[in-house]
Amino acid sequence: MIVGVVGGGQLARMMIPAAVALGIELRVLAEGEGMSASLAATAVGDYRDEAAVLAFAEGVDVITFDHEHVPQAVLRALVEAGHQVHPGPDALRFAQDKREMRARMAELGAPQPDWAPVDSADDLAAFVAEHGGAGVLKTATGGYDGKGVRVVRSVEEAADWLAGAAAGGPRLLVEELVPFRRELAQLVARRPSGETVVWPLVQTIQQDSICAEVLAPAPDAASIQPVVDDVARSIAEGLGVTGVLAVELFETSDGRVLINELAMRPHNSGHWTIDGATTSQFEQHLRAVLDLPLGATGVLAPAAVMVNVIGGPASGAMADRYAGALAAHPDVKVHSYAKSTRVGRKVGHVTAIGDDLDEVAYRARAAAAHFDA
């Protein structure tokens, strides 16, 4: 079995151990030399280049992705050439375009914030006026980790984005400013033949619009877990997703859950599964795209906490801090993405598991602190 992964980032890198364990050959189309997944990089090329992607796809059993940015034209060229593509273009477009995603969620009856497309200043002004004088303006494509998102209270605050959209830049949409108490994420995996599995619901903690920590399972979530399970499964089925799907959610102060965004690939909120679940999201993704039976998703301990290493050491590499971190925390797992350090960049993560959430979180945070500036 040969799986081709378009994109050479840390998600492709973390598929490598799972592929080795299953005897799957993993081939990666990396954007450049020295990418995180260089250990499995068999080609270097632009994921927007149809010819380069088609050439890479020759000889593999299935194509999957490290990110959702491959253009629709390239995805459809792969399908037309007879390649197995998971997730396929008809599903991926809902992760690529937030306007299309919101419209499809409405069709499926999935819970989500009120929203509207923004094609003019009048559209934005009307929505803000009808929603308490504020809205969350988003670019429909290209945003991640807080980029492409802006809280606005007037048309003037969005003048540059409105001008950009009018000049052919990313289309816009606006959503209600949700008064949420915390952010959650539900991972689900689906194989082409229809089998789906879910992991426990997790809580994500953001810092500067970047995921900093994940608590698994989410504390005090037993009452909403069945509801979220049903929502995630219905979305995976309704969109025809194959592979791992992350459903990012808001939990409101009155106990509702609303869909924030979707990601059709392994996701930061699922990194804890490598060390804390029977089947990691990376192994599951490979199983799913190959239409193999899916693995169990139970936890290996009552609590798991994943802490991202963001930025990394101010000087040197993560490996320079290994001696201190590993000696002080021999029961915490350290994962490096083989990236150069940079402010705001995810360069690795640590995971701790155990019986008590507070104690596990303390150990994970203490271990991650060894890699701070």
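Here the residue numbers are simple positions, counted from 1 along each chain's written sequence. Predicted model: local features are reported for residues with pLDDT of at least 70 only, side-chain atom pairs are reported and counted for 80 or more only, and whole-chain, interface and lining totals are derived from all residues. In computing side-chain values, all of the structure's heavy atoms are included and hydrogens and water are not.

**Observations concerning the environment of Leu-78**
Note on conventions: DSSP H or I runs of at least 4 residues are helices, E runs of at least 2 residues are strands, and numbering of each starts at the N terminus. Structurally, Leu-78 can be placed in helix H3 (residues 72–80). Relative accessibility under 20% of the residue-type maximum defines a buried residue, over 50% an exposed one, and the middle range a partly exposed one, all with a 1.4 Å probe and only protein chains included. Residue classification places Leu-78 among the buried positions, given a relative accessible area of 0%. C-alpha separation for the pair Leu-78 and His-131, spaced 53 residues apart in sequence, amounts to 43 Å.

**Here we look at unusual backbone geometry**
For the bond from His-86 to Pro-87, the omega torsion is -5°, close enough to zero to count as cis. In this structure, Pro-87 sits in the loop between H3 and helix H4 (89–96). Backbone torsion omega between Ala-216 and Pro-217 reads -15°, so that peptide bond is classified as cis. Its location among the elements puts Pro-217 in the loop between strand E12 (210–216) and helix H8 (225–239). Within the chain, Asp-220 stands out as a residue other than glycine whose phi angle is a positive 55°. Counting through the fold element by element, Asp-220 comes out in the loop between E12 and H8. The backbone phi angle of Ala-338 is positive, close to 55°, even though this residue is not glycine. For Ala-338, a relative accessible area of 43% puts it in the partly exposed group.

**Things to note about the side chain of His-83**
Inspection of the secondary structure puts His-83 in the loop between H3 and H4. With relative accessibility at 14%, the residue His-83 sits in the buried group. Two residues form a contact once any of their heavy atoms are found within 4.5 Å. With near-sequence residues (within four places) excluded, His-83 lies in contact with Leu-54, Ala-57, Glu-58 and Leu-78.

**Things to note about the sheet that holds strand E2 (residues 25–30)**
The sheet built from four strands is open, its strands ordered E3-E2-E1-E4 with parallel pairing. Each having just a single partner strand, strand E3 (41–44) and strand E4 (62–65) make up the two edges of the open sheet. Neighbour-to-neighbour, the strand axes of this sheet turn through a mean angle of 25°, independent of strand direction. For E2 and E3, the ladder comprises three bridges, and the chain directions are parallel. The residue of E3 that forms the bridge with Val-28 is Ala-41. Here, strands pair whenever DSSP counts at least two bridges between them. What counts as an axis is a line fitted to C-alpha atoms, over the stretch in contact for a helix, and the angles between N-to-C directions run from 0 to 180 degrees.

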